[in-house]
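The lines below spell out each chain.
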Amino acid sequence: NNISFNDYVFMFNNEASYYYFLKGKSPTRFSQISMADNIYDRQELLNDLQKNPPKYILYSTSGMAEGIEGVLMTERFPNIVTWMEKQYPKRTTIDYAVILSKE
């Protein structure tokens, strides 16, 4: 209820289907963070987040997609995690979902 069609939201949990359910826009061309699989793509993703700051970030849902080949997204993308935690200090937990926001 807190997201409009014009709001950016970011799915750090690597589950792109949430974009459909939440009706928000992706701030980047990477529908799944795991698609940013090299240093250039990761810098582009970070630049996109800075240019199109999301209203909310779905940080975690404790789902299987949050780890690829045994490596968690938090370990695979430490620079994105550092940026998110600095820019989005508020954490809200609803069931298994962890949502980051600025306020």
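Residues numbered from 1 in each chain as written. Predicted model: local features only at pLDDT ≥ 70, side-chain atom pairs only at ≥ 80, totals over all residues. Heavy atoms only, no water.

## Here's the deal with the overall build of the chain
To keep it simple, the criterion reads: Secondary structure elements follow DSSP: runs of H or I no shorter than four residues count as helices, runs of E no shorter than two count as strands, and numbering proceeds from the N terminus. In this description the radius of gyration comes from C-alpha coordinates, and the expected globular size is given by 2.2 Å times residues to the power 0.38. For every residue, the accessible area obtained with a 1.4 Å probe (protein chains only) is divided by the maximum for its type, and the residue is called buried under 20%, exposed over 50%, and partly exposed between those limits. Whether two residues are in contact is decided by their heavy atoms: any pair within 4.5 Å suffices.
When its secondary structure is counted, the chain shows four helices and six strands. Listing every helix and strand of the chain by position from the N terminus yields β-α-α-β-β-β-α-α-β-β. Taking 103 residues into account, the globule formula puts the C-alpha radius of gyration at 13 Å, and the chain, at 12 Å, falls close to it. Once the C-alpha set of the chain is aligned to its principal axes, its extents read approximately 35 × 30 × 25 Å. For the chain, the residues scored as buried account for 37% of the 103 residues in total. At a minimum sequence separation of 6, the contacts of the chain that also span at least 24 residues come to 53%.

## Looking at unusual backbone geometry
Look at Asn14: it is not a glycine, yet its phi comes out positive at around 70°. Mapping Asn14 onto the fold places it in the loop between β1 (9-11) and α1 (17-22). A positive phi angle is found at Asp95, which is not glycine, with a value near 55°. Its relative accessible area of 73% is what places Asp95 among the exposed residues.

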